[in-house]
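One letter stands for each residue in the lines below.
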Amino acid sequence: MPGAPRFDPTFVVLAMTASVEAIFLSTFVLIAQNRMQASSDRRADLDLHVTLLTEHELTRIAVLVERIAERVGVEVADPEFAEVKRNIEPNMVLDAIDAAPDDGDQRG
């Protein structure tokens, strides 16, 4: 504008303002990402618990099915059935996960 003095002809103030804005924006983005990661970790932990409990209940059902088969005289000759019947305690799995060394590799 003619007649008006030039403000910051070297753009130092403009660069400083842009840098401060970038610092604040990156801080807010990191805070939001940390919250999203915490929420994701809680969901993954709940999913693991549900999966382990389901595995435990299915093992109990497999044992019951085997008992029924024995009672009615049906032979269970499937070699994979022994693996299905193997009892997996959810608490032992969770303890093993907690005891495992964390190598920095996040789930996935």
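## Brief notes about a negative patch on the surface
For step 1, the next point in the chain: Taken together, the side chains of D41, D45, D95 and D98 present a region of like negative charge at the surface.
For step 2, the next point in the chain: Put simply, the parts of the chain that give the negative patch at least two residues each are α1 (12-72) and α3 (90-99).
For step 3, the next point in the chain: Note on placement: D45 falls in helix α1.

## Considering the packing of aromatic side chains
Note on aromatic pairs: each is described by the distance of the centres and the angle between the planes.
For step 1, the next point in the chain: Enumeration over the complete set of coordinates arrives at 1 aromatic pair.
For step 2, the next point in the chain: Measuring from ring centre to ring centre gives 6.5 Å for F24 and F28, while their planes differ by 25°; the resulting arrangement is stacked. Separated by 4 residues within a single helix, F24 and F28 lie in helix α1, roughly one turn from each other.

## A few points about α1
For step 1, the next point in the chain: Taking 1.5 Å as the rise per residue, α1 with 61 residues should run 90 Å; its terminal C-alpha atoms sit 89 Å apart, in good agreement.
For step 2, the next point in the chain: Here α1 has its buried residues at L52, H56, T59, A62, E66 and A69.
For step 3, the next point in the chain: Tucked into the core, α1 has its buried residues touching α2 (80-85) and α3.
For step 4, the next point in the chain: Backbone geometry just after α1 places G73 at a positive phi near 85°.

## Side note on the side chain of E66
For step 1, the next point in the chain: Mapped onto the secondary structure, E66 falls in helix α1.
For step 2, the next point in the chain: The class for E66 is buried, based on a relative accessible area of 19%.

## Here we look at the side chain of H56
For step 1, the next point in the chain: Inspection of the secondary structure puts H56 in helix α1.
For step 2, the next point in the chain: Sequence-distant contacts of H56, defined by excluding residues within four places in its chain, comprise N87, I88, E89 and P90.

## A closer look at the packing of α1 against α3
For step 1, the next point in the chain: Across the interface, α1 lies against α3 with an axial gap of 9 Å and an inter-helix angle of 140°. Judged by the angle between their axes, α1 and α3 are oblique. Contacts between α1 and α3 involve L48, H49, L52, L53 and H56 from the former and P90, V93, L94 and I97 from the latter.

Parameters and conventions
- Residues numbered from 1 in each chain as written.
- Predicted model: local features only at pLDDT ≥ 70, side-chain atom pairs only at ≥ 80, totals over all residues.
- Heavy atoms only, no water.
- Patch = residues over 30% accessible without salt bridge, like charges linked within 9 Å, V, L, I, M, F, W, Y side chains within 5 Å.
- Areas by Shrake-Rupley, 256 points an atom, 1.4 Å probe, with all protein chains shown as cover.
- Salt bridge = Lys/Arg side-chain N within 4 Å of Asp/Glu carboxyl O.
- Lys, Arg positive; Asp, Glu negative; His and termini not counted.
- Charge placed at Lys NZ, Arg CZ, Asp CG, Glu CD.
- Helix = DSSP H or I, 4+ residues; strand = E, 2+ residues; numbered from the N terminus.
- Phe/Tyr/Trp six-rings, centres within 6.5 Å; stacked < 30°, edge-to-face > 60°.
- Expected span 1.5 Å × (residues − 1).
- Buried < 20%, exposed > 50% of the residue type's maximum accessible area, 1.4 Å probe, protein only.
- Contact = heavy atoms within 4.5 Å.
- Axes fitted to C-alpha atoms, helices over the stretch in contact; angles between N-to-C directions.
- Parallel < 35°, antiparallel > 145°, perpendicular 65-115°, else oblique.

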